[in-house]
Amino acid sequence: MMLNDWNGGAIVTTVSQTGSVFKPRSAYLPHELLGKEGFDALDPFVPIQVSNYNEKEFESCYQYYLERRWLQHEKACTEEGKKELLFLSNSNPGQLERMCAFL
């Protein structure tokens, strides 16, 4: 799949700091996380911006976390708790995930 010997398709990937054991915590860009060889293997690289959640997306993600019982703190399940998560994450998907990992 990575040999670039085919046509008529696309590969959609994501990178995360989570699996980057030997990289500094400040590294978050794809070329920093993958290194030159890994980044070159993805050529051509086309970045896709992921915007913050809108109200419906935030509610959907919040309900998903509740249904999966990822939110264990008793106040996380209240309306006030939901508003606090919304405020603290600023509707940012990555921030919300990181915050909910500890609840």
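Up top is the structure.
Residues numbered from 1 in each chain as written. Predicted model: local features only at pLDDT ≥ 70, side-chain atom pairs only at ≥ 80, totals over all residues. Heavy atoms only, no water.

Engineer: Please clarify how the overall build of the chain should be interpreted in this entry.
Structural biologist: Counting its regular elements, the chain contains 4 helices and 0 strands. Secondary structure of the chain in N-to-C order comes out as α-α-α-α. In terms of overall dimensions, the chain is more spread out than a globule: its C-alpha atoms have a radius of gyration of 18 Å, far above the 13 Å expected for 103 residues. If you line up the chain on its principal axes, its C-alpha atoms span 50 × 35 × 20 Å. Scored against the burial criterion, the 103 residues of the chain give a buried share of 17%. Of all intrachain contacts in the chain linking residues separated by at least 6 positions in sequence, the fraction that spans at least 24 positions is 38%. Put simply, the chain shows about 8,800 Å² of open surface, and 54% of that area lies on carbon and sulfur atoms. Taking the average place of the 10 positive charges on the side chains of the chain and the average place of its 14 negative ones, the gap between the two points comes to 5 Å. (Helix = DSSP H or I, 4+ residues; strand = E, 2+ residues; numbered from the N terminus. Rg over C-alpha atoms; globule rule 2.2 N^0.38 Å. Buried < 20%, exposed > 50% of the residue type's maximum accessible area, 1.4 Å probe, protein only. Contact = heavy atoms within 4.5 Å. Areas by Shrake-Rupley, 256 points an atom, 1.4 Å probe, with all protein chains shown as cover. Lys, Arg positive; Asp, Glu negative; His and termini not counted. Charge placed at Lys NZ, Arg CZ, Asp CG, Glu CD.)

Engineer: What exactly am I supposed to notice about the side chain of Lys-82 here?
Structural biologist: Structurally, the position occupied by Lys-82 is in helix H3 (residues 79-89). Judged by its relative accessible area of 15%, Lys-82 falls in the buried class. Setting aside its immediate chain neighbours within four residues, Lys-82 contacts Phe-58, Glu-59, Tyr-62 and Ala-76.

Engineer: Where do I start with the pattern of salt bridges in this structure?
Structural biologist: Between side chains of opposite charge, pairing is possible as soon as their charged atoms come close. Within the structure shown, the criterion is met by 3 salt bridges. In this structure, Asp-40 and Lys-36 form a salt bridge, with 2.8 Å as the shortest nitrogen-oxygen distance. With Asp-40 and Lys-36 both in helix H1 (residues 30-41), this residue pair falls 4 residues apart, about one helical turn. The class of Asp-40 is partly exposed, set by a relative accessible area of 42%. (Salt bridge = Lys/Arg side-chain N within 4 Å of Asp/Glu carboxyl O.)

Engineer: Help me out: how do you make sense of unusual backbone geometry in this one?
Structural biologist: It is generally the case that most residues other than glycine have a negative phi and that most peptide bonds are trans. The phi dihedral of Asn-90 is positive, around 55 degrees, even though this residue is not glycine. Structurally, Asn-90 is set in the loop between H3 and helix H4 (93-100). Given the relative accessible area of 55%, Asn-90 is considered exposed.

Engineer: When you look at the environment of Leu-29 in this model, what are you seeing that I'm missing?
Structural biologist: As for its position among the elements, Leu-29 is in the segment before H1. Sequence-wise, Leu-29 and Ile-48 are 19 residues apart; in three dimensions their C-alpha atoms are separated by 13 Å.

Engineer: In this structure, what is going on with the state of the cysteines? I would like to understand it.
Structural biologist: In a disulfide, the sulfur atoms of two cysteines are covalently bonded to one another. Applying the stated rule across the entire model yields 0 disulfides. The structure places no disulfide on Cys-61, whose sulfur is separated from the nearest cysteine sulfur, that of Cys-100, by 6.8 Å. The buried category is assigned to Cys-61, whose relative accessible area is 10%. A relative accessible area of 4% places Cys-100 in the buried class. (Disulfide = S-S within 2.5 Å.)

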